[in-house]
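# Structural overview
Listed below, chain by chain, are the residues.
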Amino acid sequence: MCGIVGYMGESKIKRILLDGLKELEYRGYDSAGFALMQNGRIEAYKAVGKLDNLIHKTEAVQSSGFGVGIAHTRWATHGKPTELNAHPHQGRFSHVVHNGIIENYTELKKKLQSEGARFLSQTDTEVIVHLYEQLAERHKDSAKAFEETVKQLEGAYAILLIDERCEDRIFFAKKGSPLQIGLGESGRFFASSDAALVGLCHEAIYLEDGCWGWVSPESLNLFEGESPVSPVAKAIPPTLHSAQKEGFRFFMEKEIYEQAQVLGDTLMGRLQEDRVHLEEIDRTLLDGVEALRLCACGTSYHAALASTYLFERLSRMEARVEIASEFRYRDPVLKSSELFVVISQSGETADTLEALKMAKRAGLKTLAICNVDNSSIVREADATLLTRAGIEKGVASTKAFATQMMVLWLLSLLIAQRHKTLDPALLAQEIAAMRHAPQVLQVPEKLHDRIHRLSKRYLHGHGFFFIGRDLFYPLALEGALKLKEISYLHAEGYPAGEMKHGPIALADSELFTIALLPGTLLKEKMRSNVEELIARDSTTLAIGPECFDLADDYLPTQPTDHPMLEFYEMMVVMQLLALEISIRLGNDVDMPRNLAKSVTVE
Ligand code: M6R
C-alpha cells in the first residue's frame, strides 16, 4: 500500500530510485513519481499508472555527483489516481512522499488554506509539505520545523521530505507504516521494505513507531519524541533475493509452482521423527493457555478459519477467529488464558497490527505467524513462527497461504503433543501426512493443461459459488477470493449446507458452482448439496478424487486418506483455475486493479 524509496549519495540516483520502486511496485501501482535534488534545486517527475510509464517518461533525465532523491509508488486513498495526486507533493521549496493516512488532514488543510497555502492535489499527504514550509518560515530551522510538523500529524505515516534550503538532508518520520534506513557503502537508502535494499546494503535500521530525524552525508540523527535515540542496525536477511519471474508468465504462476519447495522449507527442522518441534516457541508461551484467538485479514483470515478445524479436532482446543478490522473497533471480551495469534504474510497489515497491540494491552500473550522477519508485526509479537515462503510478489496470495496452513497445522500438533490429545499412532499419521504434503503441491503438466483448456468455459455467467464443508469451507472462501481478485468476476465462498437457506435461489445455468468434493470428509453430504444445485441447472465443476458424473466438468485430485492432503491439492487446482481465467480475460494477474500487496492503511 504505497512504496517509498529514498537515497542520498553519489551513485546514479534516478537508477536507484526507479530500481527500488520496481521492487516495491506490488505495494501500489496507481501512479508513481520521484524528486531529485542536486545543487539546491529539486526536479520532480510523475506518471499515472504502472511504473513503466514513469520510466519511459524520464528516460532523458540524468543525474551525476552528489544528490538526494525520494520516490513513491501509490495506491490511491484520497483522490483519484491522477498525476496531480501522485507523489511527491510539493510546496514552494520542499517535496514529500508519504505512505499511510493523515487522519486530521481536513482540519489542517482548512487552517493552512486560510493562512494562504495553495493546494494542488486532493490528497491528505499534501498538508505535510505546506505545514512544514509554514513552520520552516516561522522557525528558520528546518529540523525544528520537521519535528513540529510530525507532532501535528494524526494517523499513520512513513514520510520522506527534502528541502532545497538544506540540500544535504533527507527528513524522515515513521508511525504505523513501515520504513527502513539502509546503510550502504555508496550512501544512505530508505525503503518501505527490505526488498528494495537488497544488493545496495547489508544492514538496515528498522524504524520504530514515533521515530523521526534526518540523515546527512556525515550523520544520522534519530529521535523518539524529543529524545535522541541511538540507531541500531540489523543485518538484512542473507536469504532475501530479489524475485524474478524465471520464465513464468506471472509471479503468481511462479509462486504456485514454488509451493512444493517452500512447504519443504516451512517444515525444515520442525519435525523430529514422530514429534513436532518448534524451537521459536518457548515452552512458557503455552503455559496456562486454554484457548486460541486468531486474528487476520483476507487470505490470512481464511488460513485462520481453516485452522480452527485442526485445533478442535487434533488439539481439542477452542479456537475463535476474528477479522482484524472488525475486532479492533469492538469491545472484545479477552481472557488472559487465551493466546492471541495473528497471521499475516507481510507483517505490515495495519488492522492486524493494531489488533495485536490491543491484545497486548489487554495482557494476552501473543504469537505472530508471518512471512517477513523484522516486519512490524514480528517486532510487536511476543513470539513468531516464520512461514518461510520467500518473497511473494503476486498480489493474490498463494504460497503464503500454503505455508501459513502448514505452520498452523504444526502448531495444532504441538499443542496436541503437550495436551496428549492424540494417541501416538494418530500423531505419527499426522506427521507422515505432513511430510508428504510438499509432494501433493507439485503441479502436474497435464493438470495445468487441462485447467487451461477448461478455463475458457468459465469466463462469463452471473457469478461463481465455491462450496465446501468442514475444512473445505474456508478453502472455498479462499478459492472465491483468488478468482474475484484477479478475474473481476463475482465469486462467493459458501458452506455447502447453507446453499438451500437462500443462495440456491440464484441457481441457473449461468451460475457456476465450483464444488470441493473430498474423499475424506462428509463425502455423501457434500454430493447431496451439489446434486441440489445441479437439479436447478447450475453449471458445475467438481473437484475431488472421485469422478462425479452429474457435474458438467470434473478436475481430479489424488485419492488419499488425509484431508489436509486433499486440501492442498484442491488449493492448487483453484489457484490455477483463477490464474488461467484471469489470463484469458487479459488481466494483469500480478497487479490486479484497485489492489495492493500490503495493506498498511486501515
Ligand atoms: O499481509 P497479510 O497477510 O496481512 O495481508 C492480508 C490480506 O490483505 C491479503 O491476504 C489479501 O487478502 C490477499 N491479497 C489475497 O490474495
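What comes next concerns the included structure. Source: prediction; values computed, not measured.

## Brief notes about the packing of aromatic side chains
Under the counting rule described, the total for this entry stands at 21 aromatic pairs. When the ring of Trp-214 is compared with that of Phe-223, the centres are 5.8 Å apart and the planes differ by 25°; the resulting orientation is stacked. As far as burial versus exposure is concerned, Trp-214 and Phe-223 are alike and both buried. One aromatic cluster is present, built from ring pairs that chain together Tyr-132, Phe-146, Phe-171, Trp-212, Trp-214 and Phe-223. Here the basic side chain of Arg-165 rests over the ring of Phe-93, its NZ or CZ set 3.7 Å away from the ring centre.

## Here's the deal with the pattern of salt bridges
Going through the model one piece at a time under the given rule, you end up with 39 salt bridges. In this structure, Arg-92 engages Glu-137 in a salt bridge whose closest nitrogen and oxygen atoms are separated by 3.2 Å. Within this pair, whereas Arg-92 is found in the loop between β5 (89-90) and β6 (94-102), its partner Glu-137 is found in helix α4 (residues 126-139), the two being separated by 45 residues in sequence. Residue Arg-92 is classed as exposed on the basis of its relative accessible area, which comes to 59%. Glu-137 sits in the partly exposed class, given a relative accessible area of 27%. In the salt-bridge network here, residues are joined through shared partners; they are Lys-144, Glu-147, Glu-148, Lys-151 and Glu-226.

## Here's the deal with the sheet that holds strand β9 (residues 180-184)
With antiparallel pairing, 8 strands are arranged side by side in an open sheet as β3-β2-β4-β1-β10-β9-β11-β15. At either margin of the open sheet sits one strand with a lone partner, and together these are β3 (41-48) and β15 (234-235). Of the strand pairs in this sheet, strand β1 (residues 3-9) and strand β10 (residues 187-191) are connected by 5 bridges, and their pairing is antiparallel. For Gly-6, the partnering residue across the bridge sits in β10 and is Phe-190. Strands β1, β2 (31-38), β4 (67-74) and β10 of the sheet are contacted by helix α1 (residues 13-24), whose axis makes an angle of about 155° with β1.

## Here's the deal with the site of the ligand
Neighbouring the ligand are 15 residues; Ser-300, Ser-344, Gln-345, Thr-349 and Glu-485 lie closest to it. Between the ligand and Thr-299, the relevant distance is 3.1 Å, taken from an oxygen atom to a main-chain nitrogen or oxygen of the residue. Note that an oxygen atom of the ligand is positioned 3.0 Å from one of the side-chain N or O atoms of Lys-482. Here the ligand has 410 Å² of accessible area as a free molecule, and 91% of this is covered by the chains. Contributions of two or more residues to the shell around the ligand are made by α8 (298-315) and α15 (472-487). Split into classes, the residues belonging to the shell around the ligand amount to 5 nonpolar, 8 polar and 2 charged. Counting the residues that make up the shell around the ligand, at least three belong to each of domain 2 (245-441) and domain 3 (443-587).

## Quick word on unusual backbone geometry
Trans peptide bonds make up the majority, and among non-glycine residues the majority have a negative phi. Omega for the peptide link from His-87 to Pro-88 comes to -5°, which places this bond in the cis form. Secondary-structure assignment places Pro-88 in the loop between β4 and β5. Despite not being glycine, Arg-316 has its phi angle at roughly 50°, a positive value. Positionally, Arg-316 belongs in the loop between α8 and β19 (318-323). Even without glycine at this site, Tyr-488 takes up a positive phi of about 65°. Mapping Tyr-488 onto the fold places it in the loop between α15 and β24 (491-495). Judged by relative accessible area, which is 27%, Tyr-488 ranks as partly exposed.

## Focus on a positive patch on the surface
A cluster of like positive charges, contributed by Lys-446, Arg-450, Arg-453, Lys-456 and Arg-584, occupies part of the molecular surface. Per element, the largest residue contribution to the positive patch is 3 residues, and it comes from helix α14 (residues 445-455). With respect to the helices, strands and loops of the structure, Arg-450 is situated in helix α14. For Arg-450, a relative accessible area of 37% corresponds to the partly exposed category.

Calculation notes
Residues numbered from 1 in each chain as written. Predicted model: local features only at pLDDT ≥ 70, side-chain atom pairs only at ≥ 80, totals over all residues. Heavy atoms only, no water. Phe/Tyr/Trp six-rings, centres within 6.5 Å; stacked < 30°, edge-to-face > 60°. Buried < 20%, exposed > 50% of the residue type's maximum accessible area, 1.4 Å probe, protein only. Lys NZ or Arg CZ within 6 Å of the ring centre and 35° of its normal. Salt bridge = Lys/Arg side-chain N within 4 Å of Asp/Glu carboxyl O. Helix = DSSP H or I, 4+ residues; strand = E, 2+ residues; numbered from the N terminus. Pairing = 2+ DSSP bridges. Contact = heavy atoms within 4.5 Å. Axes fitted to C-alpha atoms, helices over the stretch in contact; angles between N-to-C directions. Near = heavy atom within 4 Å. Polar contact = N/O pair within 3.5 Å; in protein donor to acceptor, adjacent residues only side chain to side chain. Areas by Shrake-Rupley, 256 points an atom, 1.4 Å probe, with all protein chains shown as cover. Nonpolar A, V, L, I, M, F, W, Y, C, P; charged D, E, K, R; others polar. Domains from an automatic or database assignment. Patch = residues over 30% accessible without salt bridge, like charges linked within 9 Å, V, L, I, M, F, W, Y side chains within 5 Å. Lys, Arg positive; Asp, Glu negative; His and termini not counted. Charge placed at Lys NZ, Arg CZ, Asp CG, Glu CD.

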